[in-house]
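If you want the building blocks of each chain, they are given just below.
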Amino acid sequence: MPTPMIADEVRTASRIHARLLDGFIALTEGELAGLAPGFAQESLQESLERLRAARKSYGGIAGVVVAASSNEPIALAASNAA
């Protein structure tokens, strides 16, 4: 199955969104590290799950994914060539 065409401006916007989400994820993880179990921790954990899902979505469009062993994005050779 051929890879769908993605406009360069969409790919660029997706990279920006992915990068911003990486920052929000890092901030949320930092906050979680200092919290005792309870409502705030559960709430932030749920937010973290949503942020990671959004990051995965934008990363897929942008051609950038997060390696399973780290949080550093790895650029894939994504192109619009059929």
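What counts as what
Residues numbered from 1 in each chain as written. Predicted model: local features only at pLDDT ≥ 70, side-chain atom pairs only at ≥ 80, totals over all residues. Heavy atoms only, no water. Helix = DSSP H or I, 4+ residues; strand = E, 2+ residues; numbered from the N terminus. Buried < 20%, exposed > 50% of the residue type's maximum accessible area, 1.4 Å probe, protein only. Contact = heavy atoms within 4.5 Å. Patch = residues over 30% accessible without salt bridge, like charges linked within 9 Å, V, L, I, M, F, W, Y side chains within 5 Å. Areas by Shrake-Rupley, 256 points an atom, 1.4 Å probe, with all protein chains shown as cover. Salt bridge = Lys/Arg side-chain N within 4 Å of Asp/Glu carboxyl O. Core = buried A, V, L, I, M, F, W, Y, C linked by side-chain atoms within 4.5 Å. Axes fitted to C-alpha atoms, helices over the stretch in contact; angles between N-to-C directions. Parallel < 35°, antiparallel > 145°, perpendicular 65-115°, else oblique. Left-handed = near helix turned anticlockwise from the far one by under 90°. Nonpolar A, V, L, I, M, F, W, Y, C, P; charged D, E, K, R; others polar.

A.B. asks: Report on the overall build of the protein chain, specifying residues and quantitative values.
C.D. replies: Within the protein chain, the secondary structure is distributed over 2 helices and 2 strands. Beginning at the N terminus, the succession of helices and strands in the protein chain can be written as α-α-β-β. Counting across all 82 residues of the protein chain, residues that qualify as buried make up 21%. Put simply, 53% of the contacts in the protein chain that link residues at least 6 apart link residues at least 24 apart.

A.B. asks: Go over a nonpolar patch on the surface, please, and point to the residues and values.
C.D. replies: There is a patch of nonpolar side chains on the surface, built from I16, L20, F24 and L27 and spanning about 400 Å² of accessible area. For F24, the position within the fold is in helix α1 (residues 8-33).

A.B. asks: Describe in detail the nonpolar core, supporting the description with residues and values.
C.D. replies: Grouped together as the largest cluster of nonpolar side chains are 5 residues: L21, I25, L32, L48 and L51. With 3 residues, the single largest contributor to this core is α1. Non-local contacts of I25, meaning those with residues more than four positions away in its chain, are made with L48, L51, R52 and R55.

A.B. asks: Explain the pattern of salt bridges to me, and be specific about the residues and the numbers.
C.D. replies: Under the defined criterion, the tally for this structure stands at 2 salt bridges. Taking the shortest distance from any N to any O, the salt bridge between D22 and R55 comes out at 2.6 Å. In this pair, D22 sits in helix α1 while R55 sits in helix α2 (residues 39-62), placing the two residues 33 residues apart along the sequence. The salt bridge involving R52 is made with E29; its shortest N-O contact spans 2.5 Å. In this pair, R52 sits in helix α2 while E29 sits in helix α1, placing the two residues 23 residues apart along the sequence.

A.B. asks: Which residues make up the packing of α1 against α2, and what values do they have?
C.D. replies: Between α1 and α2, the shortest axis-to-axis distance is 8 Å and the interhelical angle comes to 160 degrees. Classed by the angle they form, the pair α1 and α2 counts as roughly antiparallel. Both α1 and α2 take part in a crossing whose hand is left-handed. Class assignment for the residues of the contact of α1 with α2 results in 13 nonpolar, 6 polar and 7 charged.

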